[in-house]
Amino acid sequence: MSVESTHQETIVLHAGHRKDETTNAVAVPIYQTTSYQFDNTEHAGNLFALKEFGNIYTRIMNPTCDVLEQRLTALEGGAAALAVSSGQAASMIAVQNIAQAGDNIVSSTDLYGGTWNLFANSLKTMGIEVRFVDPEDPEVFRGATDDKTRAYYAETLPNPKLQVFPIKEVADIGRELGVPLIMDHTAAHGLCRPFDHGAAIIASSCTKYIGGHGNSIGGIIIDGGNFDWEAHKERFPMLNEPDPSYHGAVWTEAVKPLGPVAYIIKARVTLLRDCGQAMSPFNAFLILQGLETLPLRMERHCGNAEKIATFLDGHAKVTRVIYPSLMEGEHRRRADAYLEGGYGGLVGFELEGGTESGRKFIDSLKLFYHLANIGDARSLAIHPASTTHSQLTEEEQFATGVSPGYVRLSIGLEHIDDIMSDLSQALDDA
Ligand code: PLP
């Protein structure tokens, strides 16, 4: 980082790039190239053998993506990161990097529908079992762990349940048993830092708040550099035993001179090399533009969302509002303990008239967009049961917090009066 700071407002503008060394350009250049000229055959050989670090081919690394990786690493207080093509790719690689056929992971039930599908169906076809547990009681993670458990997985501010995950409680259990906690931090970047609470890996979508403008799909995996893979050699053979796909490299030993980055380097040079879910440099550029204003936007997203949650809570047609600051007991305690920067930009609610009223409400919105995304600068609305979570069974939908009448709002940056007035007129119609 050229400018040292611990403040997120400064990090998102300065980490990883001061100016382009060739042209002095201040905006991060888009390195729209597939490949990089080798100096000579020795240089080429050294790069491939990881004896020297440098650019080889954009499927594996790219200088524009590198700035995004450095900036998000600095923001989250991690050791290194890997930008990938989507949030889904981030979840997939984060798990596959340490789990193979015959292994299992233990995951919170409070998940985005796409991740639920990936875990319940696609990972199963690869022989990786996902054991779903309700994080209401953190101890269920311990109960579901055996010697084939390779990771715990959860969302910080689960979309759409919005009950904050007990990060420290579960990370502590994992550290006792030698199991790393992977956090999908998509909805809470800028509000909380999972590594400060013991999480080992972050796997997030950049498509949402990080990019913030609804123009690019992307994902990021950040290695906290705080998990001792070597202390649990039997649990992590993929990091501690010779890797036949890289002339027998033992990752925990091979990259030791670079710091505690065995997990993330292995992901880059084996899984990204083989499966190819690379982020395009153009998307990295657009996501970087969004990232520069993340702290400022999160402040406004949270401020607007809290006002909307309070407004809905007092509305005659609304039977239930789901928002962290309106929760009670342990859920409220967790929200206060982890969401230091605000309670988030997502608000859920249920209408007196159930599903039919929910549909009418969404069809009556004029300012809000009706679409399948969150974290855009604009306000968005959706009915998860018939869209994002429609491929789940009814039982699975309930487990992820989706009831038939649930409407999810992603509150944008418009003037609060305009957001409120659109909701009011749509509620009149519902
Ligand atoms: N994680 C969460 C919490 C999400 O909400 C989403 C998408 O909605 C994803 C992951 C997947 O991200 P992407 O759409 O970038 O693949």
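Residues numbered from 1 in each chain as written. Predicted model: local features only at pLDDT ≥ 70, side-chain atom pairs only at ≥ 80, totals over all residues. Heavy atoms only, no water.

Asks: Explain the overall build of the chain here, please?
Replies: Secondary structure summary: the chain contains 16 helices and 12 strands in total. Relative to the compact-globule value of 22 Å for 430 residues, the chain shows a C-alpha radius of gyration of 22 Å, a close match. The C-alpha extent of the chain, read off along each of the three principal axes, is 70 × 55 × 35 Å. Taken over 430 residues, the chain has a buried fraction of 58%. Here the analysis covers contacts within the chain between residues at least 6 apart in sequence; of these, 72% occur between residues at least 24 apart. Here the chain has roughly 17100 Å² of accessible surface; of this, 51% comes from carbon and sulfur atoms. The centroid of the 34 positive side-chain charges in the chain is displaced by 2 Å from the centroid of its 55 negative side-chain charges. (Helix = DSSP H or I, 4+ residues; strand = E, 2+ residues; numbered from the N terminus. Rg over C-alpha atoms; globule rule 2.2 N^0.38 Å. Buried < 20%, exposed > 50% of the residue type's maximum accessible area, 1.4 Å probe, protein only. Contact = heavy atoms within 4.5 Å. Areas by Shrake-Rupley, 256 points an atom, 1.4 Å probe, with all protein chains shown as cover. Lys, Arg positive; Asp, Glu negative; His and termini not counted. Charge placed at Lys NZ, Arg CZ, Asp CG, Glu CD.)

Asks: I keep staring at the site of the ligand and nothing clicks. Help me out?
Replies: Of all residues adjacent to the ligand, which total 14 residues, the nearest are N159, D184, S205, T207 and K208. Between the ligand and T207 there is a distance of 2.5 Å, counted from an oxygen atom to a side-chain nitrogen or oxygen. The separation between an oxygen atom of the ligand and a polar side-chain atom of K208 is 2.7 Å. Notes on the ligand: free accessible area 390 Å², of which the protein chains cover 91%. Class assignment for the residues of the shell around the ligand results in three nonpolar, eight polar and three charged. (Near = heavy atom within 4 Å. Polar contact = N/O pair within 3.5 Å; in protein donor to acceptor, adjacent residues only side chain to side chain. Nonpolar A, V, L, I, M, F, W, Y, C, P; charged D, E, K, R; others polar.)

Asks: Whenever I open this one, the domain arrangement of the chain confuses me. Can you help?
Replies: Domain boundaries assigned for the chain yield domain 1 (8-289) and domain 2 (294-429). Relative to domain 2, the C-alpha centre of domain 1 lies at a distance of 29 Å. Of the residues lining the interface, 41 residues belong to domain 1; the matching set on domain 2 comes to 43 residues. Of the roughly 3500 Å² buried at the junction of domain 1 and domain 2 (both faces included), carbon and sulfur atoms supply 62%. Area buried by domain 1 at its contact with domain 2 is led by L162, L191 and Y209, which between them contribute 23% of it. (Domains from an automatic or database assignment. Buried area = accessible area lost by both parts, 1.4 Å probe.)

Asks: Mind showing me how you'd approach the packing of helix α4 (residues 87-96) against helix α5 (residues 113-125) here?
Replies: A pair of packed helices is characterised by two quantities: the angle between their axes and the separation of those axes. Two numbers describe how α4 lies on α5: the axes approach to 10 Å, and their chain directions differ by 45°. Relative to α5, the element α4 lies oblique. As α4 packs across α5, the resulting crossing turns out to be right-handed. Each of Q88, S91, M92 and V95 in α4 lies in contact with α5, whose residues at this interface are G114, T115, L118, F119 and L123. Here the contact of α4 with α5 is composed, by residue class, of five nonpolar, four polar and no charged. (Axes fitted to C-alpha atoms, helices over the stretch in contact; angles between N-to-C directions. Parallel < 35°, antiparallel > 145°, perpendicular 65-115°, else oblique. Left-handed = near helix turned anticlockwise from the far one by under 90°.)

Asks: I keep staring at the side chain of T73 and nothing clicks. Help me out?
Replies: Within the secondary structure layout, T73 lies in helix α3 (residues 63-76). Residue T73 is classed as buried on the basis of its relative accessible area of 8%. Engagement of the side chain of T73 in a polar contact is seen with the backbone oxygen of E69, the distance being 2.7 Å. With near-sequence residues (within four places) excluded, T73 lies in contact with G78, A79, A80, A81 and I222.

Asks: What's the story with the pairing of strand β2 (residues 104-108) in this structure? I'm lost.
Replies: Within a regular beta strand, the side chains point alternately toward one face of the sheet and then the other, so they alternate between its two faces. Among the five residues in β2, five count as buried, and that is most of the element. A two-sided burial pattern is seen for β2, the buried positions comprising N104, V106 and S108 on one face and I105 and S107 on the other. Direction of pairing for β2 relative to strand β3 (residues 129-133): parallel, over a ladder of five bridges. Counted as the bridge partner of S107 is F132 from β3. The parallel pair β2 and β3, bridged by α5, forms a crossover whose chirality is right-handed. Bridge analysis of β2 against strand β4 (residues 149-155) gives four bridges, and the strand direction is parallel. Paired with S107 across the strands is Y153, a residue of β4. (Pairing = 2+ DSSP bridges. Right-handed = clockwise from strand over helix to strand, strands pointing away.)

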